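# Secondary and tertiary structure notes
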Amino acid sequence: MTRKIIASFGGTQALMRLTGFTKGYISHFRTQGFIPKPWLMLMFITRPDIDWSEFQAELDDAFAGVPELYEKAKKSARKARRETEHG
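Residues numbered from 1 in each chain as written. Predicted model: local features only at pLDDT ≥ 70, side-chain atom pairs only at ≥ 80, totals over all residues. Heavy atoms only, no water.

## As for the confidence of the model for the protein chain
Interpretation of this model should avoid reading the predicted coordinates in detail wherever pLDDT is low. Per-residue confidence for the protein chain gives a mean pLDDT of 88, with 99% of residues at or over 70. Per-element confidence in the protein chain ranges from a low mean pLDDT of 85 for helix H6 (residues 67-85) to a high of 93 for helix H3 (residues 23-32). (pLDDT = per-residue confidence, 0-100. Helix = DSSP H or I, 4+ residues; strand = E, 2+ residues; numbered from the N terminus.)

Have a look at this one:
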């Protein structure tokens, strides 16, 4: 899962530019196979245009305490995907 998320952002360098994370911190995500919930939430909100359907269970768990925020983020994600699909 973690490798696919990092790849969805364009790889380590792209994720570093977007988040300000160090290469070592992102490598730690990859080697542990885990992205902390707050960072996963940030990634979802920051890049709603990515197809997150493969990571639904992880997102549901990460946003469990803030359902209103999750619903807003999902709405934004749907809109971004529609815009991407329709140019």
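Having seen the structure, we can now continue with the description.
## Considerations on the packing of helix H2 (residues 12-19) against H3
Interaxial distance between H2 and H3 falls to 10 Å at its minimum, and their mutual angle equals 120 degrees. Relative to H3, the element H2 lies oblique. When the axes of H2 and H3 are compared, the crossing they make is right-handed. Seen from H2, the contacting residues are Thr12, Leu15 and Met16; seen from H3, they are Lys23, Ile26 and Arg30. Grouping the amino acids of the contact of H2 with H3 by side-chain chemistry returns three nonpolar, one polar and two charged. (Axes fitted to C-alpha atoms, helices over the stretch in contact; angles between N-to-C directions. Parallel < 35°, antiparallel > 145°, perpendicular 65-115°, else oblique. Left-handed = near helix turned anticlockwise from the far one by under 90°. Contact = heavy atoms within 4.5 Å. Nonpolar A, V, L, I, M, F, W, Y, C, P; charged D, E, K, R; others polar.)

## Some details on the pattern of salt bridges
Scanning the model with the defined rule gives three salt bridges in all. Among the salt bridges present, the one from Glu54 reaches Lys4, with a minimum N-O distance of 2.7 Å. Linking Glu54 in the loop between helix H4 (37-46) and helix H5 (56-62) with Lys4 in helix H1 (residues 2-8), this pair joins segments that are 50 residues apart in sequence. Taking relative accessible area as the criterion, Glu54 reaches 52% and is therefore assigned exposed. (Salt bridge = Lys/Arg side-chain N within 4 Å of Asp/Glu carboxyl O. Buried < 20%, exposed > 50% of the residue type's maximum accessible area, 1.4 Å probe, protein only.)

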